[in-house]
Amino acid sequence: MQRYRFPVGRVPDEALLSGLATGDPELAVTFVRRFQHTVFGVAVAVTGDPQLAEDIAQQTFERAWRHAQIYDSRRGSVTTWLTTIAHNLAIDAVRTRRPEPVAPEELDAVLGVVSETPEQYALADEASSRLRAAVAELPREQGRALVMAGIYGMTAQQIADWEKIPLGTAKTRIRTAMGKLRTTLASPKRGDHVQ
């Protein structure tokens, strides 16, 4: 610890990530300890399986170690970068392990409570907050179709079968929801200024 100007526990996140990339064991351990609860929280929120979440957390830190040199602070914080990796790995794990569609009552819970989960706190960057808010503003049927397609990877035909609606209706719901999201997310927020 004497190599650093201040205690390792107070080293900025970016410096810890750089230390992870260089293989410094002390910084690597501190990096994992600092982010392990957040990464695990994202993984367990998505998978609902603590054992699988542990594996995903380990994969997240391995990937962070291998790709630390490509981290760009202009695109988000270290926490956002790490939780995005964990979230993507967890979604992939859920897709490969889940042979059946999600029950409709679970989708309602995802749409209604998404802002109150540990995942929300971990992914609390501005872009994901805007996306969640935009999805929450969609009509319920469109939001459900979008979540089924985007998060659970269901095809329009699977959505139509699950919702007991015509295929064209399922496609229209997805397309309309995507159009509304594009419009909402492309419009500047109040307080944004052109620089």
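Residues numbered from 1 in each chain as written. Predicted model: local features only at pLDDT ≥ 70, side-chain atom pairs only at ≥ 80, totals over all residues. Heavy atoms only, no water.

Further remarks concern the overall build of the protein chain. When you go through the protein chain residue by residue, the secondary structure sums to 10 helices and zero strands. Helices and strands in the protein chain line up, N terminus first, as α-α-α-α-α-α-α-α-α-α. For the protein chain, the proportion of its 195 residues judged to be buried stands at 35%. When the accessible area of the protein chain is evaluated, it comes to approximately 12,000 Å², of which 53% is carbon and sulfur surface. (Helix = DSSP H or I, 4+ residues; strand = E, 2+ residues; numbered from the N terminus. Buried < 20%, exposed > 50% of the residue type's maximum accessible area, 1.4 Å probe, protein only. Areas by Shrake-Rupley, 256 points an atom, 1.4 Å probe, with all protein chains shown as cover.)

Residues Leu17, Phe31, Phe35, Val39, Ile56 and Leu82 are the most contacted members of the largest nonpolar core, which totals 30 residues. Within the residue set of this core, elements represented by two or more residues are α1 (13–22), α2 (25–47), α3 (50–67) and α4 (78–97). Take this core: its biggest share by element is 10 residues, from α4. Dropping the residues within four chain positions of it, Ile56 is found in contact with Ala43, Thr47, Ala86, Leu89, Ala90 and Ala93. The next biggest cluster of nonpolar side chains, apart from the first, holds nine residues, and it includes Met148, Ala160, Ile165 and Ile174. (Core = buried A, V, L, I, M, F, W, Y, C linked by side-chain atoms within 4.5 Å. Contact = heavy atoms within 4.5 Å.)

Relative to each other, helix α8 (residues 140–150) and helix α9 (residues 156–163) sit at 130°, their axes nearing to 10 Å. Judged by the angle between their axes, α8 and α9 are oblique. Between α8 and α9 lies a crossing of right-handed hand. On α9, the residues that touch Arg144, Ala145, Met148 and Ala149 of α8 are Ile159, Trp162 and Glu163. Across the contact of α8 with α9, the residue classes tally to five nonpolar, no polar and two charged. (Axes fitted to C-alpha atoms, helices over the stretch in contact; angles between N-to-C directions. Parallel < 35°, antiparallel > 145°, perpendicular 65-115°, else oblique. Left-handed = near helix turned anticlockwise from the far one by under 90°. Nonpolar A, V, L, I, M, F, W, Y, C, P; charged D, E, K, R; others polar.)

Another point: the packing of α9 against helix α10 (residues 167–186). Between α9 and α10, the shortest axis-to-axis distance is 8 Å and the interhelical angle comes to 115°. As the angle between them shows, α9 and α10 are arranged roughly perpendicular. Seen along the crossing, α9 lies across α10 with a hand that is right-handed. Touching Ala156, Gln157, Ile159, Ala160 and Glu163 of α9 are Leu167, Ala170, Lys171, Arg173 and Ile174, all from α10. Its residues assigned to classes, the contact of α9 with α10 shows six nonpolar, one polar and three charged.

Parts of the prediction with low pLDDT should not have their coordinates interpreted in detail. Residues with a pLDDT of 70 or more make up 74% of the protein chain, whose mean pLDDT is 76. Confidence over residues 113–125 falls short of pLDDT 50; this stretch has 23 contacts with residues more than four positions distant or in other chains. The low-confidence segment residues 190–195 (pLDDT under 50) makes zero contacts with residues lying over four places distant or belonging to another chain. (pLDDT = per-residue confidence, 0-100.)

Now for the pattern of salt bridges. For the structure on display, the rule yields one salt bridge. In this structure, Glu163 engages Arg144 in a salt bridge whose closest nitrogen and oxygen atoms are separated by 2.6 Å. One end of the pair, Glu163, is in helix α9; the other, Arg144, is in helix α8, with 19 residues separating them in the sequence. (Salt bridge = Lys/Arg side-chain N within 4 Å of Asp/Glu carboxyl O.)

For any pair of aromatic rings, the description consists of the separation of the ring centres together with the inter-plane angle of the planes. Applying the stated criterion across every chain yields a total of two aromatic pairs. When the ring of Phe31 is compared with that of Phe35, the centres are 5.0 Å apart and the planes differ by 55°; the resulting orientation is tilted. Of the two residues, Phe31 and Phe35 both sit in helix α2, four residues apart, roughly one turn of that helix. Since its relative accessible area comes to 0%, Phe31 is described here as buried. Given the relative accessible area of 4%, Phe35 is considered buried. Here the aromatic cluster, defined as three or more aromatic residues joined through ring pairs, consists of Phe31, Phe35 and Phe61. (Phe/Tyr/Trp six-rings, centres within 6.5 Å; stacked < 30°, edge-to-face > 60°.)

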